[in-house]
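Overview (structure and organization)
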Amino acid sequence: MSQGLLKTIDNRSLNADDIIPLYESDTHSIYWIGSVEKSEEPEEIECNSYLLVDCGEAYIFEPGGLSHFQGAFDKVCQKISPFEISHIFMSHQDPDVCASLPSWLQFNPDINIVCSHLWQRFLPHYMVYHAQYLAMPDEGMTINLKSGGKLHCISAPYLHSPGNMVVFDSISGFMFSGDIGAASQKSNAFKLVIEDWSEHIKSMTGFHQRYMGSTKAAAAFTASISHLPIQAMLPQHGQIFRHTEVQAFLDWFSTLPCGVDFLYPDKE
Ligand SMILES: [Fe+2]
Ligand SMILES: [Fe+2]
């Protein structure tokens, strides 16, 4: 079983308390390990975290905020020992991505932290000391997997962070897109995949207009990944993009007035 898992997912059959398989083969599996638990803070946003297991090695994408740690950790333990986690990927420096990092490193201080080189000097402020970094240069980098697959770390500057990274998994064709493609739903029902495209655009628009850096950055990024055979796009918030939704998003995003172009439309 492989991509059929994600293709056939029905939101109504999902429980957010479960670890949810998105791709499974003998050597390579991907799971949703996020959380929709609400904190006391009404403005807190939900986090998607993902676990990739490749030939017994585990990779975490977007570890999440501090309050999300226990839920994600418990889900990882259902599939693999946390001591098998070799890498943690962070698309950028925000607290909803990084604040749980010290908790993960408590269990295994040898975990490699993968992030843009811009943030290595800042992460000690999360009380992350003596850590091992794989700092992505602006031109990107590739990490080889035991199975023979590759994780392509791709620079996406100013979307929204100045040092921003997305990761493309060559085996599944999944792209872990960070805040690119993030959405916030008003509904209390747990939805992991998009159901209604026109409604989904509404739930993305405000965030992308205000948080993404510029239309030029969006257009340059979408052009830079146009050659990739992306099967699904997995953002840090909101729903997963499948099939034609990936290209529909990239077409929408590449011309969206956002960031400085949205705020200052009359400035050349
Ligand atoms: Fe962010
Ligand atoms: Fe975020």
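What comes next is a walk through the structure. (Residues numbered from 1 in each chain as written. Chains lettered and ligands numbered in written order. Predicted model: local features only at pLDDT ≥ 70, side-chain atom pairs only at ≥ 80, totals over all residues.)

1. Some words on the overall build of the chain
Our working rule: Under the DSSP-based scheme used, a helix requires at least four consecutive residues in state H or I and a strand at least two consecutive residues in state E, with every element numbered from the N terminus. Our radius of gyration looks at C-alpha atoms and nothing else; its globule reference is 2.2 Å times the residue count to the power 0.38. What counts as a contact here is a pair of residues whose C-beta atoms, placed from the backbone, lie within 7 Å.
From N to C terminus, the chain includes 8 helices and 13 strands. Against the 2.2 N^0.38 benchmark of 18 Å for 268 residues, the chain shows a C-alpha radius of gyration of 17 Å, consistent with a compact globule. For the chain, the C-alpha atoms occupy an extent of roughly 55 × 45 × 45 Å along the three principal directions. Considering only contacts within the chain whose residues lie at least 6 apart along the sequence, 61% involve residues at least 24 apart.

2. A short note on the environment of K146
Here is the rule: Put plainly, a residue is buried at 20 or more neighbouring C-beta atoms within 10 Å of its own, exposed at 12 or fewer, and partly exposed in between, counting only other residues' C-beta atoms, which are placed from the backbone.
Secondary-structure assignment places K146 in the loop between β8 (141-144) and β9 (150-155). Look at K146 and you get exposed, because 12 C-beta atoms sit within 10 Å. Residues K146 and T27, 119 residues apart in the sequence, show an inter-C-alpha distance of 8.9 Å.

3. Overview of helix α7 (residues 244-254)
Going by this rule: Working definition: the arc comes from the directions between the helix axis and the C-beta atoms, pointing outward to the latter.
Within α7, burial applies to V246, F249, L250 and F253. Taken around the axis of α7, the buried residues stretch over an arc of 95°, which confines them to a single face. Turned more than 90 degrees off the buried face of α7, the exposed positions are T244 and D251. Close packing links the buried residues of α7 with α5 (197-211), α6 (215-224), β12 (232-235) and β13 (241-242).

4. With respect to α5
Quick note on the threshold: Take the number of residues in a helix, subtract one, and multiply by 1.5 Å to get its expected span. By definition, a residue's bend is the angle between the axes fitted to the seven residues ending there and the seven starting there.
In this model α5 runs 21 Å from its N-terminal to its C-terminal C-alpha over 15 residues, within 8% of the 21 Å that 1.5 Å per residue would give. The largest bend in α5 is about 35°, located at M204. Packed against the buried residues of α5 are α7.

5. Examining the packing of α6 against α7
Geometry of a packed helix pair, given as the angle between the helix axes and the separation of the axes. Put simply, the test is: Note on definitions: angles span 0 to 180 degrees between N-to-C directions of axes, and those axes are lines fitted to C-alpha atoms, for helices only across the stretch in contact. Only Asp, Glu, Lys and Arg are considered charged in this grouping, and only Ala, Val, Leu, Ile, Met, Phe, Trp, Tyr, Cys and Pro are considered nonpolar; every other residue, Gly among them, is considered polar.
Two numbers describe how α6 lies on α7: the axes approach to 8 Å, and their chain directions differ by 145°. Only L250, F253 and S254 of α7 make contact with α6, whose side of the interface consists of A218, A219 and T222. Residue composition of the contact of α6 with α7, by class: 4 nonpolar, 2 polar and no charged.

6. Regarding the pairing of β8
Convention followed: Any two strands between which DSSP finds at least two bridges are classified as paired.
For β8 and β9, the ladder comprises 4 bridges, and the chain directions are antiparallel. Each residue of the ladder has a partner; that of M141, found in β9, is C153. Here β8 folds back onto β9, and the loop between the two strands holds 5 residues, one of which, G148, carries a positive phi near 105°.

7. Remarks on the sheet that holds strand β11 (residues 174-178)
With mixed pairing, 6 strands are arranged side by side in an open sheet as β8-β9-β10-β11-β12-β13. Edge positions in the open sheet fall to β8 and β13, since each of these has one partner strand only. Pairing between β9 and strand β10 (residues 165-169): 5 bridges, direction antiparallel. Bridging across to β10, H152 finds its partner in F168.

8. Points about the nonpolar core
Selection criterion: We call a set of buried Ala, Val, Leu, Ile, Met, Phe, Trp, Tyr and Cys residues a nonpolar core when their C-beta atoms link them within 7 Å.
If you look at the biggest cluster of nonpolar residues, it comprises 62 residues, and the most contacted ones within it are Y50, I88, F89, V166, V167 and F176. Ignoring any residue separated from it by four or fewer positions in sequence, one finds V166 in contact with S91, I154, A156, M175, F176, S177, G178 and I180.

9. So, the sheet that holds strand β5 (residues 85-89)
Pairing between sheet strands relies on hydrogen bonds along the backbone, with the strands arranged either parallel or antiparallel. In spatial order, the strands read β1-β2-β3-β4-β5-β6-β7; together these 7 strands make up an open sheet with mixed pairing. If you trace the sheet from one side to the other, it starts and ends with β1 (20-24) and β7 (132-136), each paired once. The sheet shows a mean angle of 20° between the axes of neighbouring strands, taken without regard to direction. Note that strand β4 (residues 57-61) and β5 share 4 bridges and pair parallel. By the bridge assignment, I60 is partnered in β5 with I88.

Taken by themselves, the reported measurements are silent on function.
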